[in-house]
Amino acid sequence: MRVRRTLPPSAAPLSLRDLWSGFKGFLAGETYLKSLEEGIKEYFGVRHVFLVSSGKAALYLILRSLKSLRPVRSEVLIPAYTCFSVPSAIVRAGLKVTLCDIDASSLDFDQKLLGEGVTNRTLCVVPNHLFGIPSRMDDIVELCRERNVFVLEDAAQAMGGRHGGRLLGTIGDVGFFSLGRGKSVTCGSGGIIVTNSEVIGRAIDREYSRLAFPRTKDDVVEYMKAVMMSLFIRPQLYWIPAALPFLKLGRTFFDSGFTAMRLSPMQAGLCIDWRRRLESAMSVRKKQAAMFCRRLKGQEPVGGVSSLPYLRLPFLVESRDRKRKICAASNRKGLGITQMYPFPINDVPQIAHRFAGAAFPVARFVAERLVTIPLHEWVSDKDRDEMVRLLLPAGSGHDRETAGSFDVVRAADGFVGKERA
Ligand SMILES: Cc1ncc(COP(=O)(O)O)c(C=O)c1O
């Protein structure tokens, strides 16, 4: 175990004030829940808000509700490169995962393939705004309206982001955010459903009324986890949890046995200052992203807009080997540059058999070459210098350990589909 300053890949700090509000939440009954709900309604301009135990619980609840509205449709179309929690929730809801390959320059659906993928069995399409990069919502909504398919926006990583002035999560028929670790605002674990549709709101309400609150002892455990997280997420201490393999930090899992509950008043207490935290996190990340983009001269991040409030800054590098070297060097130096999802959804072992014979080459290309740069408030000038040295092309003062012939694949080059020599 090496004792050294280590940056977490992403981090949403919890202050003493937040922890105190969480503690008061144990005594506050439902007032903190009401206040959080009202605040979300006002900020997002939505009529219905439901607060649940995680993003995947939110997705599961929405899917069950949509299924109750259109029981003859059983397929959910998702991007072939996304968080493994997404197919977990679909399977848990008793629906069928269908995949569409992606566009490497935005991680959004490949629009042409999306048109072919939406059929009369499709219940909903789930655009996912990965890293906060807005999906092309106008095109997706138009296509789905034509075919009578719901648009379920997965804004787990995009709370507060906008597309054409409109807040992500509120553009489709229904959307959700995650309050999990490493998101914009966290209470350890939590999810928020938003919709303006009366019909969908009523259907979700029927499902939601069956959900229980967590037991007090589980809630106390969650609170203790939040206290630990608020301490150990700091770079001076993060090397401790990062060195404990059983914590499985940064790993993504397919687990369709998760519990779906309501958010507790304690968790709502931890989030009571969410609006200020969201705006401050977005402003820090925007500035960090812009500084990195300036320093990484001419090399565009995925998404291609340096002024986005990215959750982490994603780059496609030239080869699998280069990705491995960058991540290994970052790990040694405690810099927090990491890969994202290690393989496409069709390779998730629990569901891989359903996609035998199908290929999602761009999703695989991205899984093999994507690295993400941390953008949170603890990234210092010195950290940025070190990260830039790891990532810059040969001949520009790059790090010898990770050098490649051409280092960062420009988004403008699009999908290359094969490794560069
Ligand atoms: C795109 C996406 N969807 C859904 C989820 C699930 O959210 P949660 O971790 O709160 O269950 C995540 C979580 O990281 C995510 O990144």
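The rules behind each value
- Residues numbered from 1 in each chain as written.
- Predicted model: local features only at pLDDT ≥ 70, side-chain atom pairs only at ≥ 80, totals over all residues.
- Helix = DSSP H or I, 4+ residues; strand = E, 2+ residues; numbered from the N terminus.
- Rg over C-alpha atoms; globule rule 2.2 N^0.38 Å.
- Contact = placed C-beta atoms within 7 Å.
- Domains from an automatic or database assignment.
- Nonpolar A, V, L, I, M, F, W, Y, C, P; charged D, E, K, R; others polar.
- Pairing = 2+ DSSP bridges.
- Axes fitted to C-alpha atoms, helices over the stretch in contact; angles between N-to-C directions.
- Buried ≥ 20, exposed ≤ 12 C-beta atoms within 10 Å, placed from the backbone.
- Near = placed C-beta within 6 Å.
- pLDDT = per-residue confidence, 0-100.
- Expected span 1.5 Å × (residues − 1).
- Arc of directions from axis to C-beta.
- Parallel < 35°, antiparallel > 145°, perpendicular 65-115°, else oblique.
- Left-handed = near helix turned anticlockwise from the far one by under 90°.
- Core = buried A, V, L, I, M, F, W, Y, C linked by C-beta atoms within 7 Å.

### Some thoughts on the overall build of the protein
Item 1. Assigned secondary structure in the protein consists of 14 helices and twelve strands.
Item 2. Relative to its length of 421 residues, the protein is compact, with a C-alpha radius of gyration of 21 Å against a globular reference of 22 Å.
Item 3. Considering only C-alpha atoms, the protein reaches an extent of 60 × 50 × 40 Å along its principal axes.
Item 4. Here the contacts in the protein between residues at least 6 apart in sequence split such that 74% fall between residues at least 24 apart.

### With respect to the domain arrangement of the protein
Interfaces are often sized by the accessible area lost when the parts come together.
Item 1. Under the domain assignment used here, the protein contains domain 1 (16–208) and domain 2 (274–413).
Item 2. Contact with domain 1, which involves 28 residues of that partner, is made by 32 residues of domain 2.
Item 3. Secondary structure elements with two or more residues in the side of domain 1 that touches domain 2: helix H2 (31–44), helix H4 (85–92) and strand E3 (96–100).
Item 4. Its residues assigned to classes, the side of domain 1 that touches domain 2 shows 17 nonpolar, nine polar and two charged.

### A short note on the sheet that holds E3
Item 1. The mixed open sheet is built from seven strands, whose spatial order is E1-E9-E8-E5-E4-E2-E3. The outermost strands of the open sheet, each flanked by one partner alone, are strand E1 (48–52) and E3. Strand after strand, the sheet turns through a mean of 25° between neighbouring axes, direction not considered.
Item 2. With three bridges joining them, strand E5 (residues 150–154) and strand E8 (residues 174–178) adopt parallel strand pairing. From the neighbouring strand, Asp154 faces E8, where its bridge partner is Phe176.
Item 3. Contacting strand E4 (122–125) and E5, helix H6 (residues 137–146) runs over the sheet at an angle of about 150° to E5.

### A short note on unusual backbone geometry
What is expected of a backbone is that most residues other than glycine have negative phi and most peptide bonds are trans.
Item 1. Even without a glycine there, the phi angle at Leu107 is positive, about 65°.
Item 2. With respect to the helices and strands, Leu107 occurs in the loop between E3 and helix H5 (111–117).
Item 3. For Leu107, a count of 25 C-beta atoms within 10 Å puts it in the buried group.

### Points about the site of the ligand
Item 1. Lining the immediate surroundings of the ligand are 14 residues, of which Gly55, Cys83, Ala156, Ser178 and Gly180 lie closest.
Item 2. When the residues that make up the shell around the ligand are grouped by side-chain class, the tally is three nonpolar, nine polar and two charged.

### Describing the confidence of the model for the protein
Item 1. Averaged over every residue, the pLDDT of the protein is 91; the share at 70 or more is 93%.
Item 2. The low-confidence segment residues 403–421 (pLDDT under 50) makes 44 contacts with residues lying over four places distant or belonging to another chain.

### Things to note about H2
Item 1. Here H2 contains 14 residues, and its C-alpha end-to-end distance of 20 Å stays within 8% of the 20 Å for a straight helix at 1.5 Å per residue.
Item 2. When we look at burial in H2, the residues that qualify are Tyr32, Leu33, Leu36, Ile40 and Phe44. The arc that holds every buried residue of H2, seen down its axis, measures 100°, which confines them to one face. In H2, the exposed positions angled more than 90 degrees off the buried face are occupied by Glu38 and Glu42.
Item 3. Of the surrounding elements, those touching the buried residues of H2 are helix H1 (16–28), E1, strand E7 (166–167), strand E9 (191–195) and helix H10 (265–270).
Item 4. Looking one or two places after H2, you find Gly45, whose phi comes out positive at around 60°.

### Looking at the packing of helix H12 (residues 320–333) against helix H14 (residues 381–391)
Item 1. Axis separation between H12 and H14 bottoms out at 10 Å; the angle between their running directions is 155°. The angle between the axes of H12 and H14 places the two elements in the roughly antiparallel class. Remark: the crossing between H12 and H14 carries right-handed chirality. Packed against H12, whose contacting residues are Ile326, Ala329, Ser330 and Lys333, the element H14 presents Glu386, Leu390 and Leu391 at the interface.
Item 2. In terms of residue class, the contact of H12 with H14 is made up of four nonpolar, one polar and two charged.

### Some words on the nonpolar core
Item 1. If you look at the biggest cluster of nonpolar residues, it comprises 123 residues, and the most contacted ones within it are Leu61, Ile62, Leu63, Val76, Cys124, Ile193 and Val366.
Item 2. With eight residues, the top contributor of residues to this core is helix H3 (residues 55–69).
Item 3. Split by domain, this core shows at least three residues from each of two domains, domain 1 (16–208) and domain 2 (274–413).
Item 4. With near-sequence residues (within four places) excluded, Val76 lies in contact with Leu63, Ile90, Leu95, Lys96, Val97, Thr98, Leu123, Cys124 and Val126.

### With respect to the environment of Asp173
Item 1. Relative to the assigned elements, Asp173 resides in the loop between E7 and E8.
Item 2. The class of Asp173 is buried, set by 21 C-beta atoms lying within 10 Å.
Item 3. Along the primary structure Asp173 and Glu153 are separated by 20 residues, whereas in three dimensions their C-alpha atoms are 7.8 Å apart.
Item 4. Those residues in contact with Asp173 that sit more than four places away from it in its chain are Phe150, Val151, Leu152, Thr195, Ser197 and Ile200.

### Some points on the packing of H3 against H4
Item 1. Relative to each other, H3 and H4 sit at 40°, their axes nearing to 9 Å. It follows from the interaxial angle that H3 and H4 lie oblique. When you trace H3 past H4, the crossing you get is right-handed. When H3 is examined against H4, the residues Gly55, Lys56, Leu59, Tyr60 and Leu63 are found in contact with a partner set consisting of Ser85, Val86, Ser88, Ala89, Ile90 and Arg92.
Item 2. Here the residues of the contact of H3 with H4 are counted per class, giving six nonpolar, three polar and two charged.

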